Amino acid sequence: AQSVAQPEDQVNVAEGNPLTVKCTYSVSGNPYLFWYVQYPNRGLQFLLKYITGDNLVKGSYGFEAEFNKSQTSFHLKKPSALVSDSALYFCAVRDVRYSTLTFGKGTMLLVSP
Amino acid sequence: EAGVVQSPRYKIIEKKQPVAFWCNPISGHNTLYWYRQNLGQGPELLIRYENEEAVDDSQLPKDRFSAERLKGVDSTLKIQPAELGDSAVYLCASSRQAFEETQYFGPGTRLLVL
């Protein structure tokens, strides 16, 4: 079975400060890892993914994430937060052998002016 | 390219009534997914189609839920009869093929069962 944990229900950060949204995963094989963002009354928008290769993945809107196999983590980061980054962020994992994507519960990011 | 299209965006019905959701995937995407997202939770897969074949429906409550994907393009998800616990957002997603890495999501249909 595969699973994802997002330990923080909410992350608060001031505009201009760096942000981190945490994600840890569990799969029996090698993982494909994803971050999606959801704005109110909108579907999920793809941000970035880790498939293989460089552990630091760069994605849309200045976000990046670092794959750490030993810690089974895939934390989402951004050097300087914007108020418009405020949204619900989901981490997801898929075992490379299967097609099913498993999502975490989501972390609400609130960026204050 | 155009994204995944879903309709309706919102639906309010009384319990025991039927309801249907429609999805048009991104052109050329062979794999289509239906997810349910309960309040405060991440999406959970209901069913996955490869072209017109349902290849993973293990999480679909088959006593009241049904889905079809005629001609391997558009898909419809139906609930009959709806229960209060079915209130959720129903998301459709598509990808080029089953093991394509990235799934692209539509805006979802928010269902409220009274």
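This text gives an overview of the structure that appears in the document. Predicted model, so just to flag it, every value in this text is computed and none were measured.

Within chain A, the secondary structure is distributed over 0 helices and 12 strands. Going from the N terminus to the C terminus, chain A shows its helices and strands as β-β-β-β-β-β-β-β-β-β-β-β. For 113 residues, the compact-globule estimate of 2.2 N^0.38 gives 13 Å, and chain A sits close to it at 13 Å. Its C-alpha atoms give chain A principal-axis dimensions of roughly 45 × 30 × 20 Å. Within the span of chain A, comprising 113 residues, buried residues form 45% of the whole. With the model as given, the accessible surface of chain A reaches about 5300 Å², and the carbon-plus-sulfur share is 51%.

Turning to the state of the cysteines, a few remarks are in order. All names here are of chain A. With the rule as written, the count across this model stands at 2 disulfides over all chains. Paired by a disulfide, Cys-23 and Cys-91 hold their sulfur atoms 2.0 Å apart. What sets the handedness of the Cys-23 and Cys-91 disulfide is the S-S torsion sign, and at about -60° it is left-handed. With a gap of 68 residues between them, Cys-23 in the loop between strand S3 (19–21) and strand S4 (24–26) and Cys-91 in strand S10 (residues 87–95) connect regions that are remote in the sequence.

On to the nonpolar core, then. One finds Trp-35, Leu-47, Leu-48, Phe-74, Leu-76 and Tyr-89 of chain A to be the most contacted residues of the largest nonpolar core, which totals 27 residues. Among the elements that take part in this core, S10 of chain A stands out by supplying 4 residues, more than any other. Core analysis: the next-biggest nonpolar cluster, separate from the first, contains 21 residues, Ala-82, Tyr-90, Leu-111 and Val-113 of chain B among them.

The next point concerns the packing of aromatic side chains. Residue and element names in this part refer to chain A. One pass over the full model with this rule turns up 15 aromatic pairs over all chains. Ring centres 4.1 Å apart and planes at 20° place the aromatic pair Tyr-50 and Phe-67 in the stacked group. Of the two residues, Tyr-50 sits in strand S6 (residues 44–50) while Phe-67 sits in strand S8 (residues 64–68), which places them 17 residues apart along the sequence.

Once that is clear, we can look at unusual backbone geometry. Residues and elements named next belong to chain B. The step from Ser-7 to Pro-8 runs through a cis peptide bond, and the omega angle for that step is -10°. On the secondary structure map, Pro-8 appears in the loop between strand S1 (5–7) and strand S2 (10–13). Omega for the peptide link from Gln-80 to Pro-81 comes to -5°, which places this bond in the cis form. Within the chain, Lys-16 stands out as a residue other than glycine whose phi angle is a positive 80°. In this fold, Lys-16 is placed in the loop between S2 and strand S3 (19–24). We note that Lys-71 has phi near 65°; this positive angle belongs to a residue other than glycine. Counting through the fold element by element, Lys-71 comes out in the loop between strand S7 (65–68) and strand S8 (75–79).

Bringing the environment of Ile-12 of chain B into the picture now. Residues and elements named next belong to chain B. Here Ile-12 shows up in strand S2. Residue class for Ile-12 comes out exposed when judged on its relative accessible area of 59%. Expressed as a C-alpha distance, the spacing of Ile-12 and Leu-111, which sit 99 residues apart in the sequence, is 6.0 Å. Aside from chain neighbours lying at most four places away, what touches Ile-12 is Leu-112 and Leu-114.

Each side of the interface is counted separately: chain A has 22 residues, and chain B has 23 residues. Buried area between chain A and chain B, both sides added, is near 1700 Å², and the carbon and sulfur share of it is 50%. Taken together, the links from chain A to chain B amount to 0 salt bridges. There are 4 residue pairs in polar contact (both at pLDDT 80 or more) connecting chain A and chain B. The leading source of residues in the side of chain A that touches chain B is strand S5 (residues 31–38) of chain A, at 4 residues. Considered class by class, the residues forming the side of chain A that touches chain B number 11 nonpolar, 6 polar and 5 charged.

As a further point, take the sheet that holds S1 of chain B. Residue and element names in this part refer to chain B. Spatial ordering of the open sheet is given by S1-S3-S8-S7, a layout of 4 strands whose pairing is antiparallel. Both outer strands of the open sheet, S1 and S7, are each paired with one neighbouring strand and no more. Strand after strand, the sheet turns through a mean of 15° between neighbouring axes, direction not considered.

Conventions adopted
Residues numbered from 1 in each chain as written. Chains lettered and ligands numbered in written order. Predicted model: local features only at pLDDT ≥ 70, side-chain atom pairs only at ≥ 80, totals over all residues. Heavy atoms only, no water. Helix = DSSP H or I, 4+ residues; strand = E, 2+ residues; numbered from the N terminus. Rg over C-alpha atoms; globule rule 2.2 N^0.38 Å. Buried < 20%, exposed > 50% of the residue type's maximum accessible area, 1.4 Å probe, protein only. Areas by Shrake-Rupley, 256 points an atom, 1.4 Å probe, with all protein chains shown as cover. Disulfide = S-S within 2.5 Å. Core = buried A, V, L, I, M, F, W, Y, C linked by side-chain atoms within 4.5 Å. Phe/Tyr/Trp six-rings, centres within 6.5 Å; stacked < 30°, edge-to-face > 60°. Contact = heavy atoms within 4.5 Å. Buried area = accessible area lost by both parts, 1.4 Å probe. Salt bridge = Lys/Arg side-chain N within 4 Å of Asp/Glu carboxyl O. Polar contact = N/O pair within 3.5 Å; in protein donor to acceptor, adjacent residues only side chain to side chain. Nonpolar A, V, L, I, M, F, W, Y, C, P; charged D, E, K, R; others polar. Pairing = 2+ DSSP bridges. Axes fitted to C-alpha atoms, helices over the stretch in contact; angles between N-to-C directions.

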